[in-house]
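# Residue-level structure breakdown
Residue-level listing of the chains:
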Amino acid sequence: MLLLKLATMKKKCLLDSFLEERENFGAWNFLVSSNGTKIPASSAVFYPFNLAKILPFRIKNYLDRDLTDPLMIHFRTINSCSDNCYFCQTKRLRCNEPNLDCQFLKKTILELEKSQVLGIRFDGLGEPFLIEKFPELIHLARTVGLITGVITNGTSKIEDIEKIAKEVHFIRFSLDAVSEKTYSSIHFPQQDDGLEKRIDNIKKFCKTREKHNCRCIVGAHFVINEKNYKEIFSFTKLMKGLKVDFVDFCLLKNDKMAVVKDLDRIKKSVEENIEKSRSLVDDKFHLLFRDSYFISKQKLQNYIDNNGFCWHSFLRPTINSYGQVVSCGKYEEEADFNSKAVMGNIKEESFLSIWRRKQNILEKFKSVFCQDFGPCYFTYFNYVVSWIKKEILLDSKVLFSRAIVKSGKVVRTFDKID
């Protein structure tokens, strides 16, 4: 028992070193290697982890052993929601199959802790705070030393905000609006669970965090569409006033993961509002705009032709509410549980036994089964990994640092390169 406690304490210390500092979140835009190579990157690619410390470590592990455990699990542990967002791509995956019960989820969390998984992100096929005894799951994950994140719509059904604020490492509230009218036209929330109550939850969360000096990153998400684009700046201003750490904007995608063409008509206005919002950015408040992470179909095809496999899927697979281990959550959405995406089911065998079937894993991660879906914003992550892999192959001792690079010059680093 003592050895187990010491091992858990050691892992917690290790994980603390991987977490982003709140005040630096979103500020850095490059990885810089000790031999001077600058690799474009962003917190949006891999939050809430420290990309410079984790990725090279895992990639080197893969190069040495041809296999590595994932960094993070997307835990989609419920298939119901308190909203009915008109653009939601996951709601069509919901069915009448029962969700995994709380005891089984706890068992799975303990199993993940025994592997080299560093974190869990609860994001649901619906709303995570509707999961039975959800605060207990967060507490368990935190207790055993897993980085714990939550993607939520901020529902009024959040239980024990103070406890949650003390225990999660990362939480992002998906609001997409400032006015109740716009919010209702996008989210179609259940009765008595509107925007005002959800904004109040964010306020309570941030006040609790400040009161107890909790080391937790808080963000707010906004999917830009024709119904809400005029509220971009007012949303940014509101969220800064609530003292969240960042706002995360992305353009509405269609079923093929490409930007909806109808947004072309409002493109100029969107860009103007985003630029205006950037004026509110400072050392403690950041803005992420995920429009440039898409790559052209030609670049994607070149990637496939060169036998690449998806590192994002390799490092961040999904376990859904039915127990299926899916190599890519986005692929799951596009393929409607296509058998190529499903690796196994944790109701039938352990996660580790599914994951460590080496040949099975590598075949599942071939990017070729993404080519029918057009450019994927996760593929940008693959290019970041490719650069890191090249640097490590050239020199296994190469180190990386997060940095702000302006006009080709490093103006600040967050992790010193020895």
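All values derive from a computational prediction rather than experimental measurement.

Moving on, we get to the overall build of the protein chain. Helix and strand counts for the protein chain come out as 16 helices and 14 strands. Considering the protein chain as a whole, with its 418 residues, one finds that 59% of them fall into the buried category. Long-range pairs, those at least 24 residues apart, make up 74% of the contacts in the protein chain between residues at least 6 apart in sequence. In the structure as shown, the protein chain presents an accessible area of about 18,500 Å², 50% of it carried by carbon and sulfur atoms.

The next thing to look at is the sheet that holds strand β12 (residues 342-345). With mixed pairing, 10 strands are arranged side by side in an open sheet as β9-β8-β7-β6-β5-β4-β3-β10-β11-β12. Two strands close off the open sheet at either side, each with one partner strand: β9 (286-290) and β12. Each adjacent strand pair in this sheet contributes to an overall mean axis angle of 20°, direction not counted. Two strands pair when backbone bridges link them, and strand β3 (residues 72-76) and strand β4 (residues 119-122) are joined in this way by four bridges, in the parallel orientation. Looking across to β4, one finds that isoleucine 73 is bridged to isoleucine 120. Packed on one face of the sheet, helix α5 (residues 134-143) meets β4 and β5 (147-152) and runs near 150° to β5. The strands touched by helix α10 (residues 267-278) are β7 (217-224), β8 (246-251) and β9; relative to β9, the strand with the most contacts, the crossing angle is about 160°.

Attention now goes to the nonpolar core. Counting 106 residues, the largest nonpolar core has Ile109, Phe205, Ile224 and Phe249 as its most contacted members. With residues up to four places along the chain from it excluded, the contact list for isoleucine 224 reads Tyr229, Ile232, Phe249, Cys250, Leu251, Leu252, Leu263, Val270, Ile274 and Phe289. Counting residues in hydrophobic clusters, the runner-up holds eight residues, among them Phe25, Tyr47, Ile151 and Phe246.

What follows deals with the environment of lysine 207. Looking at the element boundaries, lysine 207 is found in helix α8 (residues 195-212). Taking the relative accessible area as the measure of exposure, lysine 207 reaches 56% and is therefore exposed.

In this structure, the second largest pocket occupies an estimated 450 Å³ of space. Residue lining of the second largest pocket: 16 residues in total, with Arg22, Arg209, Lys243, Asp245 and Lys284 positioned closest to the centre. Here the residues of the lining of the second largest pocket are counted per class, giving four nonpolar, one polar and 11 charged.

Across the sheet, which stays open at both edges, the four strands sit in the order β2-β1-β13-β14 with antiparallel pairing between neighbours. Looking at strand neighbours, the two that pair on one side only are β2 (38-40) and β14 (409-413), the edges of this open sheet. Between one strand axis and the next, the sheet turns by 45° as a mean value, whatever way the strands run. Across four bridges, the pairing between strand β13 (residues 400-406) and β14 is antiparallel. By the bridge assignment, alanine 403 is partnered in β14 with threonine 413.

Right, let's talk about the side chain of arginine 198 for a bit. Considering the arrangement of structural elements, one finds arginine 198 in helix α8. Setting aside its immediate chain neighbours within four residues, arginine 198 contacts Ser82, Asp83, Asn153, Gly154, Thr155, Leu175, Tyr183, His187, Pro189 and Asp193.

All right, on to the confidence of the model for the protein chain then. Low pLDDT means the predicted coordinates in that region are not meant to be read closely. When pLDDT is averaged across the protein chain, the result is 82; 81% of the residues are at 70 or more. The least confident element of the protein chain is helix α13 (residues 329-335), whose mean pLDDT is 57; the most confident is helix α9 (residues 232-242), at 98.

For the rest of this paragraph, the subject is helix α3 (residues 51-65). Across its 15 residues, α3 extends 21 Å between first and last C-alpha, which sits within 8% of the 21 Å expected from 1.5 Å per residue. All of the buried residues in α3 are Leu51, Ala52, Ile54, Leu55, Pro56, Arg58, Ile59, Asn61 and Tyr62. At the N-terminal end of α3, a side-chain oxygen is found 3.1 Å from the backbone nitrogen of alanine 52, two or three residues along, and the residue is asparagine 50. Positive phi appears at aspartate 66, one or two residues downstream of α3, with a value of about 65°.

Next up on the list: the packing of helix α4 (residues 102-114) against α5. For the pair α4 and α5, the least separation of the axes is 10 Å and the interaxial angle reads 15°. Between α4 and α5, the angle falls in the class roughly parallel. Taken as a pair, α4 and α5 cross one another with a handedness that is right-handed. Across the interface between the two elements, Cys102, Leu105, Lys106, Ile109 and Leu110 from α4 touch Glu136, Leu137, Leu140 and Ala141 from α5. In terms of residue class, the contact of α4 with α5 is made up of seven nonpolar, no polar and two charged.

What counts and what doesn't
Residues numbered from 1 in each chain as written. Predicted model: local features only at pLDDT ≥ 70, side-chain atom pairs only at ≥ 80, totals over all residues. Heavy atoms only, no water. Helix = DSSP H or I, 4+ residues; strand = E, 2+ residues; numbered from the N terminus. Buried < 20%, exposed > 50% of the residue type's maximum accessible area, 1.4 Å probe, protein only. Contact = heavy atoms within 4.5 Å. Areas by Shrake-Rupley, 256 points an atom, 1.4 Å probe, with all protein chains shown as cover. Pairing = 2+ DSSP bridges. Axes fitted to C-alpha atoms, helices over the stretch in contact; angles between N-to-C directions. Core = buried A, V, L, I, M, F, W, Y, C linked by side-chain atoms within 4.5 Å. 1 Å grid on protein atoms, 1.4 Å probe; cavity = no way out; pocket = protein on both sides within 12 Å on 5 of 7 lines; lining within 4 Å. Points joined across faces, edges and corners; volume = space filled by probe spheres on them. Nonpolar A, V, L, I, M, F, W, Y, C, P; charged D, E, K, R; others polar. pLDDT = per-residue confidence, 0-100. Expected span 1.5 Å × (residues − 1). Polar contact = N/O pair within 3.5 Å; in protein donor to acceptor, adjacent residues only side chain to side chain. Parallel < 35°, antiparallel > 145°, perpendicular 65-115°, else oblique. Left-handed = near helix turned anticlockwise from the far one by under 90°.

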